[in-house]
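For reference, the chains in residue letters:
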Amino acid sequence: MSKLMRGIICVAIGAIIWFIPAPEGVSAQAWGLLAVFAATIAGFILQPMPIGACSIIGMTLLPLLGIMKAGQALEGFANGTIWLIVSAFMFAISFIKTGLGRRIAYILLSKFGGSTLSVAYVMSATDFIIAPFTPSNTARGGGIVYPIVRSICETLGSRPDEEKLRKTGAFLIFSSYCAVITSACIFMTGASNNVLANKLAQDTFGQSIGWGDWFICCIIPGLLLTIITPYILYKLIKPELTTMPETKEMAHKELSHMGPMTTKEWILVFIFLGALFLWATNGHLHTIDNTFVALGGVSIMLLTNILTWDDIASEKGAWDVLVWMGVLVNMASYLSKFGLMNWFADTMAAQFAGMSWLMMLIVLSIIYTFAHYVLASNSAHIMALFVAFAVILVAAGAPALGVMILFACLANSASFLTHYGCGVTPIFFGAGFMDQGQWWRLGFIITVLHLVAWLGLGLPLMGMFGYL
């Protein structure tokens, strides 16, 4: 389908909603905002142009169509949560630029990289360590994890165009990809869509969760998935190699080539640990806003020349997130302020009359997860489905924060389903060690595993900690 046709479909979706009379109980202002919002979300999914461009067009239409005042349309750019994500992108640049991310991986590989399975666990550990400061799966997975695991495959002689040792490469690549997605579930700042869900919960239900509380709720099921996923894939894929002494040798050579840790790497370690401590203790030992903890870290990086302003200005991913998230979060917030979400919750709750909220949560979680087959972005998944599904459940009596954490994690987990599941997926799939059919089969199995873990273990833990 051409970009023009996709653009026409987006416009048509908005126009159809615009010209349909608003239902009883819904203001014309709220209905008009829904039309623009729906067309913008369609732009996210169909992508007739970059999502940032779609967002700018949608925002511009709001005052032009008389839906919102200019100041209201621009409010999203003053959102502290979004600046937290932008700051964390800068942390990701520093890990790549200083080489600290690569060094962590090679240190672990040099000590624990003696077997195929242990290498998979080392890559999981690497991603786990750097995930709190890289809210982009693409930056973390594509910039640090993938290049290293691809080098390991080459060192072993595992190549996608050769049958010999192809399963070994397939196992290492797919296991590393799973590690990136699983870590995104564990840390609120491990993926920008987690912070997005938290902000939407704040705007829609007046409730949000801190970094440390998110971690407490997600660490046990997340660690369980981190531990069992490589083993399950090892049994399913059956790599040809079991021992890999070459990996340790390669890691030692790379570390020797890198030399001792630089001053900038040491400074980054202290910034890393300091930010982690302040995020985890927010509301307990201090009241410094999480956004300004991150901005403080970025400021130190600028003062110590770990990052330059050119580094920050050239990070297109961060500014892209600032634009589209600022626009869409603001639209979603005003849909709630204009009363549309309350109307939707009341209407849909009537359709589920007689069903307990827990059963509704299980049913809707399954639908919510597998809807990702038609989506290619975790953030688009959150924007398209999170509020609609969450308001139904909260209206039925489900606690808002428990629903938010679960749906945020499942939006990440759903990335396994396809070879276009999120921004980083095509990078790992593009290595060529698996065909589409094998990727989808394994992805389905791991997605079901995640569903079982988050519903079977995650929900009871959230209840134990008072979030469900």
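For the structure itself, look to the data block above.
Residues numbered from 1 in each chain as written. Predicted model: local features only at pLDDT ≥ 70, side-chain atom pairs only at ≥ 80, totals over all residues. Heavy atoms only, no water.

A. Structural context of the overall build of the protein chain. Counting its regular elements, the protein chain contains 22 helices and 0 strands. In summary, the protein chain has a C-alpha radius of gyration of 22 Å against a globular reference of 23 Å for 468 residues, a match within 12%. In terms of overall dimensions, the protein chain has a C-alpha envelope of 70 × 50 × 50 Å along the principal axes. For the protein chain, the residues scored as buried account for 55% of the 468 residues in total. In the protein chain, once contacts between residues fewer than 6 apart in sequence are set aside, the share between residues at least 24 apart is 80%. For the protein chain, the accessible surface area stands at approximately 18,300 Å², while carbon and sulfur atoms represent 67% of it. Side chains of the protein chain give 22 positive and 21 negative charges; the mean places of these two sets differ by 5 Å. (Helix = DSSP H or I, 4+ residues; strand = E, 2+ residues; numbered from the N terminus. Rg over C-alpha atoms; globule rule 2.2 N^0.38 Å. Buried < 20%, exposed > 50% of the residue type's maximum accessible area, 1.4 Å probe, protein only. Contact = heavy atoms within 4.5 Å. Areas by Shrake-Rupley, 256 points an atom, 1.4 Å probe, with all protein chains shown as cover. Lys, Arg positive; Asp, Glu negative; His and termini not counted. Charge placed at Lys NZ, Arg CZ, Asp CG, Glu CD.)

B. Here's a closer look at the packing of aromatic side chains. One pass over the full model with this rule turns up 23 aromatic pairs. Judged by centre distance (5.5 Å) and plane angle (75°), the rings of Phe-171 and Tyr-234 are edge-to-face. Separated by 63 residues along the polypeptide, Phe-171 in helix α9 (residues 166-186) and Tyr-234 in helix α11 (residues 211-237) bring together distant segments of the chain. Here the aromatic rings of Phe-174 and Trp-439 are separated by 4.7 Å at their centres, their planes lie at 90°, and the arrangement is edge-to-face. Note that Phe-174 is positioned in helix α9 and Trp-439 in helix α22 (residues 436-464), a separation of 265 residues in sequence. The exposure class assigned to Phe-174 is buried, which follows from its relative accessible area of 0%. Pairwise contacts between aromatic rings join Tyr-146, Phe-174, Tyr-177, Phe-416, Phe-428, Phe-429 and Trp-439 into one cluster. One cation-aromatic arrangement involves Lys-337 over Tyr-334; the distance from NZ or CZ to the ring centre is 4.3 Å. (Phe/Tyr/Trp six-rings, centres within 6.5 Å; stacked < 30°, edge-to-face > 60°. Lys NZ or Arg CZ within 6 Å of the ring centre and 35° of its normal.)

C. Seen up close, the state of the cysteines. Counted under the stated rule, the structure contains 0 disulfides. Not engaged in a disulfide, the cysteine Cys-178 finds its nearest cysteine sulfur in Cys-185; these two sulfurs lie 11 Å apart. (Disulfide = S-S within 2.5 Å.)

D. Quick peek at the nonpolar core. Counting residues in hydrophobic clusters, the biggest one holds 157 residues, and the most contacted among them are Ile-152, Phe-386, Phe-407 and Phe-428. Take this core: its biggest share by element is 12 residues, from helix α16 (residues 316-337). Every residue in contact with Phe-386, bar those within four places of it in the chain, is listed here: Ala-197, Leu-200, Ala-201, Tyr-368, His-381, Val-403, Met-404 and Phe-407. (Core = buried A, V, L, I, M, F, W, Y, C linked by side-chain atoms within 4.5 Å.)

E. Examining the pattern of salt bridges more closely. Under the defined criterion, the tally for this structure stands at 8 salt bridges. Measuring nitrogen to oxygen at the nearest pair gives 2.8 Å for the salt bridge that ties Asp-127 to Arg-140. Of this pair, Asp-127 sits in helix α7 (residues 116-130) while Arg-140 sits in helix α8 (residues 137-156), and the two are 13 residues apart along the sequence. We note that Asp-127, like Arg-140, is buried. Here Arg-150 ties to Glu-154 by a salt bridge, and the two come within 3.2 Å at their closest N and O atoms. Placement of both Arg-150 and Glu-154 in helix α8 is noted, with a separation of 4 residues, approximately one turn of the helix. Taken together, the shared-partner salt bridges in this structure form one network comprising Arg-150, Glu-154 and Arg-159. (Salt bridge = Lys/Arg side-chain N within 4 Å of Asp/Glu carboxyl O.)

F. Focus on a nonpolar patch on the surface. On the surface, Trp-18, Phe-19, Met-49, Ile-57, Leu-61, Leu-64 and Leu-65 cluster together to form a nonpolar patch covering roughly 700 Å² of accessible area. Among the secondary structure elements, those contributing two or more residues to the nonpolar patch are α1 (3-19) and α3 (51-64). Here the element with the most residues in the nonpolar patch is α3; it accounts for 3 residues. Structurally, the position occupied by Met-49 is in the loop between α2 (28-46) and α3. (Patch = residues over 30% accessible without salt bridge, like charges linked within 9 Å, V, L, I, M, F, W, Y side chains within 5 Å.)

G. Unusual backbone geometry, seen in detail. The residue Gln-47 is not glycine, and still its phi comes out positive at about 50°. If you trace the backbone, Gln-47 turns up in the loop between α2 and α3. Take Gln-47: its relative accessible area is 38%, and that puts it in the partly exposed class. Of note, Asn-305 is a non-glycine position whose phi angle comes to about 65°, a positive value. Secondary-structure assignment places Asn-305 in the loop between α14 (290-303) and α15 (309-313). Looking at Asn-305, the relative accessible area reads 40%, which means it is partly exposed.

H. Region of interest: the packing of α7 against α11. One way to put it is that α7 packs onto α11 with a least axis distance of 9 Å and a crossing angle of 150°. With respect to their mutual orientation, α7 and α11 come out roughly antiparallel. When the axes of α7 and α11 are compared, the crossing they make is right-handed. Contacts between α7 and α11 involve Thr-116, Leu-117, Ala-120, Tyr-121, Ser-124 and Phe-128 from the first element and Ile-219, Leu-223, Thr-226, Ile-227, Pro-230, Tyr-231 and Tyr-234 from the second. Partitioning the contact of α7 with α11 into residue classes produces 10 nonpolar, 3 polar and no charged. (Axes fitted to C-alpha atoms, helices over the stretch in contact; angles between N-to-C directions. Parallel < 35°, antiparallel > 145°, perpendicular 65-115°, else oblique. Left-handed = near helix turned anticlockwise from the far one by under 90°. Nonpolar A, V, L, I, M, F, W, Y, C, P; charged D, E, K, R; others polar.)

I. Local environment of the side chain of Thr-168. With respect to the element layout, Thr-168 can be found in helix α9. When residues no more than four places from it in sequence are discounted, the contact partners of Thr-168 are Thr-116, Leu-156, Ser-158, Pro-239, Glu-240 and Leu-241.

J. Spotlight on helix α6 (residues 100-112). Counted at 1.5 Å a residue, the expected span for α6 with its 13 residues is 18 Å, and the 18 Å between its end C-alpha atoms agrees. Looking at the buried positions of α6, the neighbouring elements they touch are α5 (80-98), α7, α8, α12 (245-258) and α13 (263-280). (Expected span 1.5 Å × (residues − 1).)

K. Representation of the environment of Asp-311 in the model. You can see Asp-311 is positioned in helix α15. Accessibility expressed as a relative area gives 18% for Asp-311, which makes it buried. With 221 residues separating them in the primary sequence, Asp-311 and Met-90 have C-alpha atoms 8.4 Å apart. Not counting residues up to four positions away in its chain, the partners in contact with Asp-311 are Ile-93, Lys-97 and Ile-306.

L. Examining the packing of α13 against α14 more closely. For the pair α13 and α14, the least separation of the axes is 10 Å and the interaxial angle reads 170°. The angle between α13 and α14 places the two elements in the roughly antiparallel class. Touching Leu-268, Ile-271, Ala-275, Leu-278 and Trp-279 of α13 are Asn-290, Val-293, Ala-294, Gly-297, Ile-300 and Met-301, all from α14. Its residues placed into classes, the contact of α13 with α14 shows 9 nonpolar, 2 polar and no charged.

Geometric descriptors of this kind do not, in isolation, establish any biological role.
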